[in-house]
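This is what each chain is made of:
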Amino acid sequence: MVRFTMLVVALFVLSGASNARGQDSDEVKRLKEKIELLEAKLEAAKLKMEKLETENKQLQADAKKPADKLTVEDPFTKGTIFVGFRNFVGFDAKQQVRLEITSRNKTSFEGQLTITDGGSREVKVTGTAPIGKEGTIKFKTEKSGKFQQNFTGKYGNGEIGFDFGGSGYVGEPVMGKGVIKVQ
């Protein structure tokens, strides 16, 4: 009987150890699966971080480029047309004004100025204008003597408000103000 009891106890211990090993192996399997899942997530996070670092380096490189190489909206590019009116100081005369930009190089531009008041006069102009959304603009007619005029103003929100002065088309002194807008 002692032998039988010892045999039963031995079987009980062995079966308990066997069950414990079975439970351990299930737990180990679950832990291994969790570790594999976490490692996969870590790898995905590393790839995402590498991609963000690459994008960040590109953005920093772009930010260091000179402004004229960046894509900046320039309202004075070739082909831009401004239209509006101007009024003279000293006499009541309103003229329609049209300025077409014919070339642009950095802050300099050339254009064709058309003034209409019953008749129409066209003259080439040269000047400077800001690159960007606002700033000072200056230009003058190509003529000397008759119809030599200087224009100075501010550009902003698609509009140039300007003062002008010089000689009229018959040589008389003229001055006034005007506003032209991008068409």
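Just so you know, these numbers come straight off a predicted model, no measurement behind them.

With that settled, the discussion passes to the overall build of the protein. Along the protein, the regular secondary structure elements total one helix and eight strands. The N-to-C order of helical and strand elements in the protein reads α-β-β-β-β-β-β-β-β. Here the protein, with 183 residues, has 24% of them falling under the buried criterion. Counting contacts in the protein only where the partners sit at least 6 residues apart, residues at least 24 apart contribute 30% of the total. Summing over all exposed atoms, the protein offers an accessible surface of approximately 13,300 Å²; the carbon and sulfur share of this is 57%.

Moving on, we get to the sheet that holds strand E6 (residues 149–156). Overall, antiparallel pairing links the eight strands, which are arranged E1-E2-E3-E4-E5-E6-E7-E8 in a closed barrel. In this sheet, neighbouring strand axes are inclined to one another by 30° on average, regardless of whether the strands run parallel or antiparallel. Relative to strand E4 (residues 120–128), strand E3 (residues 108–116) is paired through nine bridges, and the arrangement is antiparallel. Across the sheet, the residue bridging to Thr116 is Ser120, located in E4.

A word on the pattern of salt bridges. The final tally for this structure, using the stated rule, is six salt bridges. Measuring nitrogen to oxygen at the nearest pair gives 3.3 Å for the salt bridge that ties Glu100 to Arg98. Here Lys181 ties to Glu159 by a salt bridge, and the two come within 3.7 Å at their closest N and O atoms. Of this pair, Lys181 sits in strand E8 (residues 173–182) while Glu159 sits in strand E7 (residues 159–167), and the two are 22 residues apart along the sequence.

What follows concerns unusual backbone geometry. Phi is positive for Lys106, close to 55°, though the residue is something other than glycine. As for its position among the elements, Lys106 is in the loop between strand E2 (94–105) and E3. Residue classification places Lys106 among the exposed positions, given a relative accessible area of 60%. Of note, Asn157 is a non-glycine position whose phi angle comes to about 55°, a positive value. Its location among the elements puts Asn157 in the loop between E6 and E7. For Asn157, a relative accessible area of 83% corresponds to the exposed category.

What follows is about the nonpolar core. Counting residues in each nonpolar core, the largest one holds 22 residues, and the members touching the most others are Phe76, Phe82, Leu99, Leu113 and Ile160. Looking at this core, the elements that each hand over two or more residues are strand E1 (81–88), E2, E3, E4, strand E5 (134–141), E6, E7 and E8.

The pLDDT averaged across the protein works out to 83; a share of 81% of its residues lies at or above 70. Contacts for the low-pLDDT stretch residues 4–15, under 50 throughout, to residues beyond four places or in other chains number zero contacts. Predicted confidence for residues 67–72 stays below pLDDT 50, and this span has five contacts to residues more than four positions away or in other chains.

The subject of this paragraph is the side chain of Arg86. Tracing the chain through its elements places Arg86 in strand E1. Although buried, Arg86 forms no salt bridge, and the nearest oppositely charged side chain, Asp117, lies 7.1 Å from it. Within the local environment of Arg86, its side chain forms a polar contact with the side chain of Gln95, the two groups lying 2.7 Å apart. When sequence neighbours within four positions are dropped, the list of residues in contact with Arg86 reads Ala93, Lys94, Gln95, Val97, Ile115, Phe147, Gln149, Phe151, Phe162, Phe164, Lys177 and Gly178.

Now for the packing of aromatic side chains. Considering all chains together, one arrives at eleven aromatic pairs under this definition. Aromatic pair Phe82 and Tyr155: ring centres 6.2 Å apart, planes at 85°, arrangement edge-to-face. With Phe82 in strand E1 and Tyr155 in strand E6, this pair connects stretches of sequence that are 73 residues apart. Like Phe82, the residue Tyr155 is buried in the burial classification.

Each value, and the rule that gives it
Residues numbered from 1 in each chain as written. Predicted model: local features only at pLDDT ≥ 70, side-chain atom pairs only at ≥ 80, totals over all residues. Heavy atoms only, no water. Helix = DSSP H or I, 4+ residues; strand = E, 2+ residues; numbered from the N terminus. Buried < 20%, exposed > 50% of the residue type's maximum accessible area, 1.4 Å probe, protein only. Contact = heavy atoms within 4.5 Å. Areas by Shrake-Rupley, 256 points an atom, 1.4 Å probe, with all protein chains shown as cover. Pairing = 2+ DSSP bridges. Axes fitted to C-alpha atoms, helices over the stretch in contact; angles between N-to-C directions. Salt bridge = Lys/Arg side-chain N within 4 Å of Asp/Glu carboxyl O. Core = buried A, V, L, I, M, F, W, Y, C linked by side-chain atoms within 4.5 Å. pLDDT = per-residue confidence, 0-100. Lys, Arg positive; Asp, Glu negative; His and termini not counted. Polar contact = N/O pair within 3.5 Å; in protein donor to acceptor, adjacent residues only side chain to side chain. Phe/Tyr/Trp six-rings, centres within 6.5 Å; stacked < 30°, edge-to-face > 60°.

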